[in-house]
Structure formats: structure tokens, C-alpha cells
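Structure assessment
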Amino acid sequence: MVTDFLHSFDLEPGIWDICLRLLCAMVVGLVIGTEREYSNRPAGMRTHILVALGACVVSITGQMIFYEYRAMGGTPDPARLSAQVITGVGFLGAGTILREGATVKGLTTAASLWTVACLGTACGYGYYTIALAGMIFMLITLTILELLQHHLPGRVPEMVKYELHTHDIVAALKVIDAVAQSQRAHILETLAEKTDAGHILRFQATFPGIHSRKRSEQFFASLVAAPECESLNRDATAV
């Protein structure tokens, strides 16, 4: 198994070792970025490669500063620059997080960017074993564990379309919001229409997590029993 032989000697990294570290970081970013690209995520191959390379360059620079100033009697911290990378890459990851209604997407891609930066840092310090092993376990997490995740109970939420008739639209909306909170439902695409007989509210509700069908039935029963609801129709579909 390839070990990090440079750490057995008190030597400044040479040009070939620097190139090897950059190549290792590029491979890490390429592998993880390809998986994200294949999954059609906001940050793809080139973004992950650049993050890994940038973290690697900063780590190498920190080491070079350490060797240069230590020869002059100084004691610089070679990990200080890398610490700033780990913190700063969070802002880049935040740009991949999108909010769509009550759902949030992009958290996994944001986490992958941060982790790639950590692996790039390991490459920059010459810890090839840590970087490559981390890449393999990260790839397993993004692929195999994703397949297992889709088979978990309650993973596929139930979506129900409702049509509610009421004379007091403000009170009806308050009741819908209160019942949705009690049943852990997410309300989407609420549309209101005024008619001669009153108001019609059309909306969708999703019930993520376990016991989604039971909570959907309780949601419907609670709305039907509410005095603000004159009539209620529904159409349940799975998403």
C-alpha cells in the first residue's frame, strides 16, 4: 500500500510530489463530480475538481510557507490556510441549496463540495491514503446508500389535491395551516377563487415520513369537521 513517504523525512516537497498531490486532488474531484454530474446536480464535475484543486494548492502553499520561514527561525502554522478553506467553502456550498416550496434541495451537493475540499486538503499535505479512501467511502455514500435510502419505509410521500369550499377564506386558511402543522403536512400551490356561493380553495398537501396515509386521513377528517369548511373534495396521488 502506498504510504505518505514524505512525512518520514524532514524535506520540502519537490516539483514531482507537488504535481502528484495536485493530480490526486484532481482525481478525487473528478470521481465525485462525475457522480454529481450524472445525478444532474447544481455543482458538477468541473466545480468539484476546482474545489479539490484549490484546497490542495492552499495546503501545499501552507507547507511551503512553513518550510521557508522555519529556516529563518519562524514557527508558522502550516494548517492555518487550510482551516480558512474548510470554512470558506461553505459559502460556495450554500449556493447549491435551493428552496422549492416546503422542500429544500441541494444539501447533499453542498456537503459533497465541503467534503471534496477536505479531501483536497489531505492531498495537499500528501496524505494520499486518507484522500483516496475518503473518496471511495464518499462515492459509496452518494451511490449505494442513495439506492438503499429510496427503499426506506415512508420515503415516498403521499400527495393529495384538495378543493375546499368556504365563506370565510381567511379563517379557512388558518384552519388548514393549523391542521397541516399537527399532521406534519406541507401545503403547496394554494389557489383561491371567488364565486357567487363563496370561495373555493385549491391546494396540494404532501405527507412525508412514516404513516403518511394515516396522517392524510386525519388531515382530511379534521378539515371536514371544521366549521369553516362547507365541503371538501380530494384526489390522492403518490409522488
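Not measured: the values here are computed from a predicted model.

With that out of the way, let us pick up the confidence of the model for the chain. A residue-level look at the chain finds 83% of positions with pLDDT of 70 or above and a mean pLDDT of 80. Under a pLDDT of 50 for its full length, residues 1–10 has, in the predicted model, 15 contacts with residues more than four places off or in other chains.

Moving on, we come to the nonpolar core. One finds Ile32, Val51, Val116, Ala117, Cys123 and Met138 to be the most contacted residues of the largest nonpolar core, which totals 24 residues. Sorting the residues of this core by element identifies helix H1 (15–38), helix H2 (45–70), helix H3 (80–94), helix H4 (107–124) and helix H5 (128–142) as the ones contributing at least two each. Per-element accounting of this core gives the leading share, six residues, to H4. Discounting residues that sit within four places of it in the chain, isoleucine 32 has contacts with His48, Ser112, Val116, Met135, Met138, Leu139 and Leu142.

Attention now moves to the packing of aromatic side chains. This structure, assessed with the given rule, holds three aromatic pairs. Seen in terms of ring centroids, tyrosine 162 and phenylalanine 219 are 5.2 Å apart; in terms of plane orientation they differ by 55 degrees. Their pairing is tilted. You can see tyrosine 162 sitting in strand S3 (residues 158–166) and its partner phenylalanine 219 sitting in helix H8 (residues 212–225), a full 57 residues away along the chain. Using a relative accessible area of 0% as the deciding quantity, one classes phenylalanine 219 as buried. With centroids separated by 5.5 Å and ring planes inclined at 75 degrees, the aromatic side chains of phenylalanine 207 and phenylalanine 219 adopt a geometry described as edge-to-face. Separated by 12 residues along the polypeptide, phenylalanine 207 in strand S5 (residues 198–207) and phenylalanine 219 in helix H8 bring together distant segments of the chain. Owing to a relative accessible area of 0%, phenylalanine 207 belongs among the buried residues under this scheme. Members of the aromatic cluster, connected to one another through ring pairs, are Tyr162, Phe203, Phe207 and Phe219.

Scoring rules and cut-offs
Residues numbered from 1 in each chain as written. Predicted model: local features only at pLDDT ≥ 70, side-chain atom pairs only at ≥ 80, totals over all residues. Heavy atoms only, no water. pLDDT = per-residue confidence, 0-100. Contact = heavy atoms within 4.5 Å. Core = buried A, V, L, I, M, F, W, Y, C linked by side-chain atoms within 4.5 Å. Buried < 20%, exposed > 50% of the residue type's maximum accessible area, 1.4 Å probe, protein only. Helix = DSSP H or I, 4+ residues; strand = E, 2+ residues; numbered from the N terminus. Phe/Tyr/Trp six-rings, centres within 6.5 Å; stacked < 30°, edge-to-face > 60°.

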